[in-house]
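These are the residues of each chain, in order.
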Amino acid sequence: MAAARGIAAVAAALMVVVAALAPAARGVDRSEFPPEFLFGAATSAYQIEGAYLEDGKSLCNWDVFTHTHVGIKDGRNGDVADDHYHRYMGDVEILQSLGVNAYRFSISWARILPRGRLGGVNPDGIAFYNRLIDALLQKGIQPFVTLHHFDMPHELEVRHVGWLGAGIREEFEHYADVCFRAFGDRVRFWTTFNEPNLFTKFQYMLGAYPPSHCSAPFGTCNSGDSQREPYAAAHNIIMSHAAAVRNYKENYQAKQGGSIGIVIAMKWYEPLTNTTEDILAARRAQSFELEWFLDPIFFGDYPSHMREILRSNLPTFTSEEKKLLQYKSDFIGLNLYTAIYAKDCIHSPCDLSTYEGNALVFATGERDGVMIGGDTALGGFYVVPQAVEPAIMYVNQRYKDTPVYVSENGYSQWSDVGREELINDVERLNYLQGYVTHLSRAIRNGADVRGYFVWTLMDNFEWTFGYTVRFGLYHVDFDTPERTRTPRMSARWYRSFLTGSSAGALTDEAQQGRRADS
Ligand code: BGC
């Protein structure tokens with residue numbers, strides 16, 4: 001009797017999986033994308049590696065911030081995180097079982113150059129990424145490598161106040177050079193920075209990320225100037241990017257055959273109403289979000305919208321700097337999760353102490369009581385798959401002949417919703433399927449997009465949210481020493497989309513992820 005009940009329960013669970021997969025399989029097909037299109041998953045060093053003081057790594061800014069600051073929702077840190085540093089081999093096997101042909105990860109600067117350019121290169125740090133890159137390539141997975149994903153050696157943050165001091169440019173150029181030399185014979189895709197347009201605001205406008213600078217009305221910090229510092233930091237980042245691109249192009253690209261770009265956080269801004277004011281507000285918001293970095297990188301100067309509003313708070317490029325900006329990036333990575341309405345704040349009063357405040361724009365998910373898309377755990381990350389096409393087309397048209405990669409796209413859940421809902425993540429599956437469907441439509445309509453990465457391979461340290469928010473294709477049990485990985489329904493969907501194989505195919509991967517590989 002009990003056995004029969006057990007069989008019935010398993011059959012019912014399977015039917016749920018199959019029912020959830022069936023529309024996915026019908027909705028979009030891998031064959032709609034070119035064979036060389038990159039399909040992958042993304043992670044970043046601080047969010048997954050752990051081993052925070054092992055094998056010669058120094059403290060990074062996030063190590064110190066999480067240990068000394070009250071700004072993390074669950075008070076936790078990345079000391080162990082997913083323990084990927086020891087379990088990377090199992091994670092590579094998971095990637096292989098998903099059927100991806102690319103993996104986007106970042107290098108921990110503090111692992112490679114614990115003391116920056118004035119100290120030596122850490123051979124154990126180099127060895128770790130060599131092992132990871134070689135393991136990926138053996139499985140036919142292209143490494144898509146980010147040099148900077150929010151973390152830097154703490155010593156450099158202290159010395160240069162993060163990105164505020166011009167001395168950080170030489171530091172980054174040196175770090176990039178060490179990486180090109182050590183790994184460039186095998187890496188075809190380099191990105192210098194992940195979301196500099198977002199992290200500079202979190203660091204120097206809102207004060208939420210280290211080194212926690214801000215001023216009123218944006219927040220209360222020990223020091224900072226929210227109207228000026230984000231732009232000063234951005235200027236150093238743009239020039240650090242340009243210096244790394246020049247070095248790569250002049251000294252490495254011809255013999256190594258790779259490409260180099262930058263990843264920007266992009267939201268699609270829809271005007272709240274069809275008034276000219278709101279249409280211009282949406283345009284302005286995009287200038288302050290995307291063009292802030294991409295216009296200098298592709299056209300050599302900041303957009304005029306920004307200059308008109310920010311005036312002397314926006315730095316100017318010297319003629320030397322403009323010369324360096326002539327080395328063109330090969331591609332643009334877009335982290336594309338959502339869309340939001342833009343409301344004009346020049347002609348009507350609004351709260352300007354927000355992410356879009358300096359653009360004189362107020363962003364909202366609601367129009368006449370109706371939300372722009374479904375909710376997710378993280379505020380402002382609405383489910384708006386139809387935003388993919390206009391967003392990519394906009395970037396294609398503005399930065400002509402520059403291929404685009406969707407370098408992140410994903411769905412967040414709260415950690416406390418219960419295991420059943422966490423694993424049978426129908427909402428994430430629908431989210432990913434919806435975005436991939438619209439991506440294929442965009443390609444059919446002529447978009448030049450070459451790859452797509454799910455954020456993220458497995459649950460991890462979600463910055464100021466700690467472990468309270470989950471984005472993974474794999475569930476991670478942070479209460480077990482082995483950080484057990486379990487494939488979600490969305491992982492099964494991704495695999496069935498990529499490989500055409502059946503729903504049950506990922507059952508063993510939790511075992512594989514359990515292996516320790518140090
Ligand atoms: C970042 C990731 C982050 C994700 C979800 C992106 O802004 O690149 O590091 O975990 O979004 O918040």
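Figured I'd write up the structure that's included with this text. (Residues numbered from 1 in each chain as written. Predicted model: local features only at pLDDT ≥ 70, side-chain atom pairs only at ≥ 80, totals over all residues. Heavy atoms only, no water.)

**Brief notes about the overall build of the protein**
Right, on to step 1. Within the protein one finds 18 helices and 15 strands.
Right, on to step 2. For 518 residues, the compact-globule formula gives about 24 Å, and the C-alpha radius of gyration of the protein, at 22 Å, lands near that figure.
Right, on to step 3. For the protein, the spread of C-alpha atoms along the principal axes amounts to about 80 × 60 × 45 Å.
Right, on to step 4. Burial statistics for the protein: of 518 residues in total, 61% are counted as buried.
Right, on to step 5. Put simply, the protein shows about 18,900 Å² of open surface, and 53% of that area lies on carbon and sulfur atoms.
Right, on to step 6. When the 48 positive and 61 negative side-chain charges of the protein are each reduced to one mean point, those points stand 3 Å apart. (Helix = DSSP H or I, 4+ residues; strand = E, 2+ residues; numbered from the N terminus. Rg over C-alpha atoms; globule rule 2.2 N^0.38 Å. Buried < 20%, exposed > 50% of the residue type's maximum accessible area, 1.4 Å probe, protein only. Areas by Shrake-Rupley, 256 points an atom, 1.4 Å probe, with all protein chains shown as cover. Lys, Arg positive; Asp, Glu negative; His and termini not counted. Charge placed at Lys NZ, Arg CZ, Asp CG, Glu CD.)

**A look at the site of the ligand**
Right, on to step 1. Taken together, Gln47, His149, Asn194, Glu195, Asn335, Tyr337, Leu378, Glu408, Trp455, Glu462, Trp463 and Phe471 make up the full set of residues near the ligand.
Right, on to step 2. Within the contact set of the ligand, an oxygen atom lies 2.9 Å away from a side-chain nitrogen or oxygen of Asn194.
Right, on to step 3. Taking Glu408, its side chain carries an N or O atom lying 2.7 Å from an oxygen atom of the ligand.
Right, on to step 4. Its free accessible area being 310 Å², the ligand has 95% of it covered by the protein chains.
Right, on to step 5. When grouped by side-chain class, the residues that make up the shell around the ligand number five nonpolar, four polar and three charged. (Near = heavy atom within 4 Å. Polar contact = N/O pair within 3.5 Å; in protein donor to acceptor, adjacent residues only side chain to side chain. Nonpolar A, V, L, I, M, F, W, Y, C, P; charged D, E, K, R; others polar.)

**Considerations on the packing of aromatic side chains**
Right, on to step 1. This structure, assessed with the given rule, holds 59 aromatic pairs.
Right, on to step 2. Each ring, one from Trp109 and one from Phe172, has its centre 5.9 Å from the other, and the planes form 75°; the classification is edge-to-face. Of this pair, Trp109 sits in helix H5 (residues 109-112) while Phe172 is found in helix H8 (residues 168-183), placing the two residues 63 residues apart along the sequence.
Right, on to step 3. According to the relative accessible area criterion, Trp109 is buried, its value standing at 0%.
Right, on to step 4. Arranged with centres 4.8 Å apart and planes meeting at 55°, the rings of Trp292 and Phe293 form a pair that is tilted. Comparing Trp292 with Phe293 shows no difference in burial state: the two are buried.
Right, on to step 5. Members of the aromatic cluster, each reached through a chain of ring pairs, are Tyr46, Trp62, Phe65, Phe150, Phe199, Phe202, Tyr209, Tyr355, Phe461, Trp463, Tyr467 and Phe478.
Right, on to step 6. Here the basic side chain of Lys201 rests over the ring of Tyr355, its NZ or CZ set 4.0 Å away from the ring centre. (Phe/Tyr/Trp six-rings, centres within 6.5 Å; stacked < 30°, edge-to-face > 60°. Lys NZ or Arg CZ within 6 Å of the ring centre and 35° of its normal.)

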